[in-house]
Amino acid sequence: MSFSAKTTSLRYAIPKFSVFLRFFSYSQYKNAKSNSGFDAIGDAVALFSRLITMRPLPSVVEFNMILGSIVKMKHYPTAISLFKQMGLRGITPSIVSLSILVNCYCHLGHLGFAFSVLGMVLKRGYQPNAVTLTTLMRGLCVKGEVGKAVDFHDSVVAQGFLLDEVSYGTLINGLCKIGKTSDAFEFMQKMEGRMVRPNVVIYNMMIDGLCKDGFVTEACGLYSEIVGQGISPDIFTYTCLIHGFCSLGQWREVTQLLCDMVDKKVNPNVYTYNILIDALCKNKMLRKAHDMCNLMIERGQQPDVVTFNTLMSGYCLYNDVDEARKLFDTFVEWEIVPDVWSYNILIIGYCKCKRVDEALILFNKMHCTNLVPNIVTYSSVIDGLCKSGRISYAWQLFSAIHDGGPSPNVITYNIMLDAFCKIQHIDNAIKLFNLMFERGLTPNVSSYNILINGYCKSKRIGEAMNLFKEMRHRNLVPDSVTYNSLIDGLCKSGRVSDAWELFYAMHHGGMAVNVNSYNILLDAFS
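All of these numbers come straight from a predicted model, not from anything done at the bench. (Residues numbered from 1 in each chain as written. Predicted model: local features only at pLDDT ≥ 70, side-chain atom pairs only at ≥ 80, totals over all residues. Heavy atoms only, no water.)

### Notes on the packing of aromatic side chains
Just so we agree on the cut-off: Two rings from Phe, Tyr or Trp (for Trp, the six-membered ring) form a pair when their centres are within 6.5 Å of each other. A pair whose planes differ by under 30 degrees is stacked, one over 60 is edge-to-face, and the rest are tilted. Under the DSSP-based scheme used, a helix requires at least four consecutive residues in state H or I and a strand at least two consecutive residues in state E, with every element numbered from the N terminus. Two conditions define a charge located above a ring, namely a distance within 6 Å from the ring centre to NZ of Lys or CZ of Arg, and an angle within 35 degrees of the ring normal.
Counted under the stated rule, the structure contains 17 aromatic pairs. Ring centres 5.4 Å apart and planes at 70 degrees place the aromatic pair F48 and F63 in the edge-to-face group. Here F48 is found in helix 2 (residues 38–52), whereas its partner F63 is found in helix 3 (residues 60–72), with 15 residues between them in sequence. An aromatic cluster is present here, built from F308, F328, F331, W334 and Y343 joined pairwise through their rings. Over the ring of F187 we find K190; its NZ or CZ atom is 4.6 Å from the centre of that ring.

### Considerations on the packing of helix 23 (residues 410–422) against helix 25 (residues 445–457)
A pair of packed helices can be characterised by two numbers: the angle between their axes and the separation between those axes. Under the convention used in this document: Axis definition: a line fitted to C-alpha atoms, limited for helices to the stretch in contact. Angles are taken between N-to-C directions and run from 0 to 180 degrees. Should an angle fall under 35 degrees it is called roughly parallel, over 145 degrees roughly antiparallel, and 65 to 115 degrees roughly perpendicular, with every other angle called oblique. Pairs of residues are marked as contacts when any of their non-hydrogen atoms sit within 4.5 Å. By the convention adopted, Pro, Cys, Tyr, Trp, Phe, Met, Ile, Leu, Val and Ala count as nonpolar, Lys, Arg, Asp and Glu as charged, and the other residues, Gly among them, as polar.
One way to put it is that helix 23 packs onto helix 25 with a least axis distance of 9 Å and a crossing angle of 5 degrees. By the angle between their axes, helix 23 is roughly parallel relative to helix 25. On helix 25, the residues that touch V410, N414, L417, D418 and C421 of helix 23 are S446, S447, I450, L451 and G454. Counted by class, the contact of helix 23 with helix 25 contains 5 nonpolar, 4 polar and 1 charged residues.

### Thoughts on the nonpolar core
Defined as follows: Buried Ala, Val, Leu, Ile, Met, Phe, Trp, Tyr and Cys residues that are joined via side-chain atoms within 4.5 Å together make up what is termed a nonpolar core. Summary of the burial criterion: residues with accessible area below 20% of their type's maximum are buried, those above 50% are exposed, and those between are partly exposed, where the area comes from a 1.4 Å probe applied to protein chains only.
I172, I207, I347, I382, M416, I452 and I487 are the most contacted members of the largest nonpolar core, which has 168 residues in total. Here I452 is in contact with A464, L467, F468, M471, T482, S485 and L486, once residues within four sequence places are set aside.

### Describing the pattern of salt bridges
Side chains that differ in sign of charge can pair as their charged atoms come close. To keep things clear, this is the line we draw: The term salt bridge refers to a pairing of a side-chain nitrogen on Lys or Arg with a carboxyl oxygen on Asp or Glu at a separation within 4 Å.
Considering all chains together, one arrives at 15 salt bridges under this definition. A salt bridge links R390 to D357; the shortest N-O distance between them is 3.1 Å. Linking R390 in the loop between helix 21 (375–387) and helix 22 (391–403) with D357 in helix 20 (residues 356–368), this pair joins segments that are 33 residues apart in sequence. Overall, the relative accessible area of 46% leaves D357 in the partly exposed class. Through salt bridges with shared partners, one network takes in D322, R355 and E358.

Here you go:
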């Protein structure tokens, strides 16, 4: 066969090869979902290597398909590497190729490179579409640079580029997440001015943001507005509003929303029910919370681990840890696997009821089920041991997590500080206090209050006053507990005039003076 015949034959083969590539792109994505993409990514790279050595080279469209397939598998560095190989082979990238590259850099957080690619797009005379520009705005928002995303929006709009509802949704979502709901609302109005109609997703972002900022009435007004416009609210709309009204304890409005859901045939999901159950538990309506759980099951919704954890927390709030344990034991029946918080709720409940041995049994059981206790678990057990007088055991556990485990936080240290001070081991407490600084932790007001109170009880008032001065030096504002401990310590040391001066400073410094402050001084004057 002549060279020209071979070339002609190859030209006819390329369209068929494109069909294969489209099938390949789909099958790679399917494989990636089923086997984590290890085989699929290898096949994609192998196919790319075969294409890059063909003569003549296939069109850039074929390479874009492979790059797109690799991006779907979230192998962004691989896609960038292959793009560079295309450049070395002299393949001119299309707007699609460059958009894929922008997407890769944004997912990796390399926004400088992403904007460099945008410059390349403009230099080549391509027109970036809304998808590319939105990708850059989303990258900035993910990095926490929402202000820069807004500035970028203003810049591209001023240059005449058109954006769509996804672009505005990205910015509105970013602004709502940083608490700038009013700015987000302005953007929604800009959308309408630019003939881009907000959809239910964008309205949901606004309603969610308003509810989280406590503007539930305004969120409800927005809900009425979208209903008036003929936009159908979805489950997320109702769930956000129900969450907002539950947090305010406005049950009449919650009931009305549930009725609206029934009228519009929008079925509550597990998340909606969990919000209702949580609100009922926190408002001391445990029976109604249990009834809500039963209603949820009747309506065909399967309770999840959050449902049970919420109910368990409700029972522990009433010190009914036995009922909470019964719920915990039914996890198996529902084929639900307890998580770390399931154990934490019960451990805290047992410790609160001074049943520390049962808390320790659960704590040890966690290790047997391959669950890794977090610092809340350890802090709860240490606190229970300290309050039951088993401080040596608590110290062993505290030391163990220092050597290998979740890093103790300020709360964990405060528990041990309080335990040492209560048994008059002030010097050990001071060593532990200094260790906090060595470990890079900053003691809070409670840390200082514990030590100041310990010093005062040990009649070491001078050292307590030095700590008081240190608090101010570290820009920590003493509270009424700090002042009452010092006033009491000064009075018991016979320094009533100094105590009166401190009380006067407390009163005129705007600090809330409670009945304890007066009682301490009255006892001293008597």
